[in-house]
Amino acid sequence: MEQMDLVIRGYEAADMDALSAIWFDASRDAHAFIGEARLREQRTLVETLYLPQAETLVAVRSGEPAGFVSLIDDFIGGLFVSPRHQGAGIGRHLIARALETKEQLRLEVYTANARACAFYRSLGFQPRARTVTWRRSLA
């Protein structure tokens, strides 16, 4: 992993606009098969429900949010990195930090998102079912 000016901290209400934009931009790239209109609808849920209620860790690079992971217990509700910061190891850092506090992590991923599937496999996650619930334990 590349060394970088990176701080991982808890979510703050002032992060909402930046994280919503990261979610939307990254989702538009990774989930184009969903369609932009549907993503715009989902963005409202991200802002009003998911971010406020999840345990969210924010990766801050050069003073601004660059990505985040939102957890619901040991379930990764979402891991999103700004497209301009992707490939710099931020997602790996976020997962590593989440694993410091959770015994295991689970997630669901669209099988059409081949890049995400490869990313999670590279971190040791394994699919558990065709509906693709992925799991990784410390052991």
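Because the structure is predicted, anything quoted here is derived from the model rather than measured.

What counts and what doesn't
Residues numbered from 1 in each chain as written. Predicted model: local features only at pLDDT ≥ 70, side-chain atom pairs only at ≥ 80, totals over all residues. Heavy atoms only, no water. Patch = residues over 30% accessible without salt bridge, like charges linked within 9 Å, V, L, I, M, F, W, Y side chains within 5 Å. Areas by Shrake-Rupley, 256 points an atom, 1.4 Å probe, with all protein chains shown as cover. Salt bridge = Lys/Arg side-chain N within 4 Å of Asp/Glu carboxyl O. Helix = DSSP H or I, 4+ residues; strand = E, 2+ residues; numbered from the N terminus. Polar contact = N/O pair within 3.5 Å; in protein donor to acceptor, adjacent residues only side chain to side chain. Contact = heavy atoms within 4.5 Å. Buried < 20%, exposed > 50% of the residue type's maximum accessible area, 1.4 Å probe, protein only.

**Student:** Sorry, what's going on with a nonpolar patch on the surface here?
**Tutor:** Judged by side-chain polarity, Leu45, Leu49 and Tyr50 come together as a nonpolar surface patch covering roughly 260 Å² of accessible area. Mapping Leu45 onto the fold places it in helix α2 (residues 36–53).

**Student:** Teacher, can you tell me more about the side chain of Asp15 here?
**Tutor:** In this fold, Asp15 is placed in the loop between β1 (6–10) and α1 (16–30). Within the structure, the side chain of Asp15 is placed 2.8 Å from the side chain of Arg9, a separation counted as a polar contact. Ignoring any residue separated from it by four or fewer positions in sequence, one finds Asp15 in contact with Arg9, Gly10, Val58 and Pro65.

**Student:** Teacher, can you tell me more about the pattern of salt bridges here?
**Tutor:** It is possible for side chains bearing opposite charge to pair when their charged atoms get close. The full count for this structure, using the stated rule, is eight salt bridges. Salt-bridge contacts for Arg84 lead to Glu64; the nearest nitrogen and oxygen are separated by 1.8 Å. With Arg84 in the loop between β4 (75–81) and α3 (90–101) and Glu64 in strand β3 (residues 64–72), this residue pair connects regions lying 20 residues apart in the sequence. Accessibility expressed as a relative area gives 33% for Glu64, which makes it partly exposed. With a shortest N-O distance of 3.4 Å, Arg97 and Glu100 are connected by a salt bridge. A residue pair is termed a helical-turn pair when its members lie 3 or 4 positions apart in one helix, as Arg97 and Glu100 do in helix α3 at three residues. Arg97 gets classed as partly exposed once you look at its relative accessible area, which sits at 32%. Taking relative accessible area as the criterion, Glu100 reaches 60% and is therefore assigned exposed. If you follow the salt bridges from partner to partner, you end up with Arg9, Glu12 and Asp15 in one network.

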